[in-house]
Amino acid sequence: MGKFLQDFKEFALKGNVVDMAVGVIVGGAFGKIVSSLVNDILMPIISLCTGGDGYKNLKYVITEASPAGADGTAAIEEVAINYGLFIQNIVDFIIIAFSIFVALRVMMKFKKKEEEAPAPAAPEPTAEEKLLVEIRDLLKEEAKK
């Protein structure tokens, strides 16, 4: 158990955990923006084009709802398959997946450019450095004799 806790401590103290937490928070906010875009802008336009009254209302009713009866019978809630909401969630997913794909492509292009950039060439040695190298080489030769 001690090794497990030590490994977790090392993992938690690395910078990657903070980066991951920031990513989750930004991703959550981005998800809300995309959901609003789909629910409040795209789906009403698509509903107008398809002649419907909105995808949220598309459903297959299995059991109709019924109110509570005066004789004491309990109310029955509607049981339905809400395939309109499912369509909206698919559109949400496609937009989020496409956005992540585009962001990753941009990041990979920048990373590739960094990798392809040649390393800066070593500066030409000064006259003083050349002289010191010659002196060093002469001293090595004298030491060998």
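Note that the structure is predicted; figures quoted are calculated from it, not measured. (Residues numbered from 1 in each chain as written. Predicted model: local features only at pLDDT ≥ 70, side-chain atom pairs only at ≥ 80, totals over all residues. Heavy atoms only, no water.)

*Asks:* Let's hear about the overall build of the chain: which residues, and what values?
*Replies:* Looking only at helices and strands, the chain has 4 helices and 2 strands in total. When the helices and strands of the chain are placed in sequence order, the string is α-α-β-β-α-α. For the chain, whose C-alpha radius of gyration is 34 Å, the value lies well above the compact-globule estimate of 15 Å for 145 residues. Along the longest, intermediate and shortest principal axes, the C-alpha atoms of the chain span 120 × 50 × 20 Å. (Helix = DSSP H or I, 4+ residues; strand = E, 2+ residues; numbered from the N terminus. Rg over C-alpha atoms; globule rule 2.2 N^0.38 Å.)

*Asks:* Can you lay out the confidence of the model for the chain for me, pointing to particular residues and giving the numbers?
*Replies:* For the chain, per-residue confidence averages 81 on the pLDDT scale, and 94% of positions sit at 70 or higher. The least confident element of the chain, judged by mean pLDDT, is helix α1 (residues 2–13) at 77; the most confident is strand β2 (residues 79–81) at 90. (pLDDT = per-residue confidence, 0-100.)

*Asks:* How would you explain the nonpolar core if you had to name every residue and give the values?
*Replies:* Among the nonpolar cores identified, the biggest contains 5 residues, and these are Val34, Val38, Met43, Tyr55 and Ile95. Looking at this core element by element, the count peaks at 3 residues for helix α2 (residues 15–50). (Core = buried A, V, L, I, M, F, W, Y, C linked by side-chain atoms within 4.5 Å. Buried < 20%, exposed > 50% of the residue type's maximum accessible area, 1.4 Å probe, protein only.)

*Asks:* Let's hear about the environment of aspartate 137: which residues, and what values?
*Replies:* Within the secondary structure layout, aspartate 137 lies in helix α4 (residues 127–144). Along the sequence, aspartate 137 and glutamate 64 sit 73 residues apart, while their C-alpha atoms lie 98 Å from each other.

*Asks:* Please give an account of the pattern of salt bridges that cites residues and values.
*Replies:* Going through the model one piece at a time under the given rule, you end up with 2 salt bridges. Glutamate 78 is the salt-bridge partner of lysine 59, the closest N and O atoms lying 2.8 Å from each other. Of the two residues, lysine 59 is situated in the loop between α2 and β1 (60–63) and glutamate 78 in the loop between β1 and β2; the sequence distance between them amounts to 19 residues. Residue lysine 59 is classed as partly exposed on the basis of its relative accessible area, which comes to 36%. Relative accessible area serves as the criterion here: at 33%, glutamate 78 is assigned to the partly exposed category. The salt bridge partner of arginine 136 is aspartate 137, with a shortest N-O separation of 3.2 Å. Judged by its relative accessible area of 44%, arginine 136 is partly exposed. Judged by relative accessible area, which is 31%, aspartate 137 ranks as partly exposed. (Salt bridge = Lys/Arg side-chain N within 4 Å of Asp/Glu carboxyl O.)

*Asks:* Summarise a nonpolar patch on the surface; cite the residues concerned and give the values.
*Replies:* There is a patch of nonpolar side chains on the surface, built from Tyr60, Ile62, Val79, Ile81, Tyr83, Phe86, Ile90, Phe93 and Ile94 and spanning about 950 Å² of accessible area. Secondary structure elements with two or more residues in the nonpolar patch: β1, β2 and α3 (83–116). Looking at which element gives the most residues to the nonpolar patch, the answer is α3, with 5 residues. Here isoleucine 62 is to be found in strand β1. (Patch = residues over 30% accessible without salt bridge, like charges linked within 9 Å, V, L, I, M, F, W, Y side chains within 5 Å. Areas by Shrake-Rupley, 256 points an atom, 1.4 Å probe, with all protein chains shown as cover.)

*Asks:* So what's going on with the side chain of glutamine 88? Which residues, and what values?
*Replies:* By secondary structure assignment, the location of glutamine 88 is in helix α3. Once residues within four sequence positions are removed from consideration, glutamine 88 is found in contact with Val38, Asn39, Met43, Tyr55 and Lys56. (Contact = heavy atoms within 4.5 Å.)

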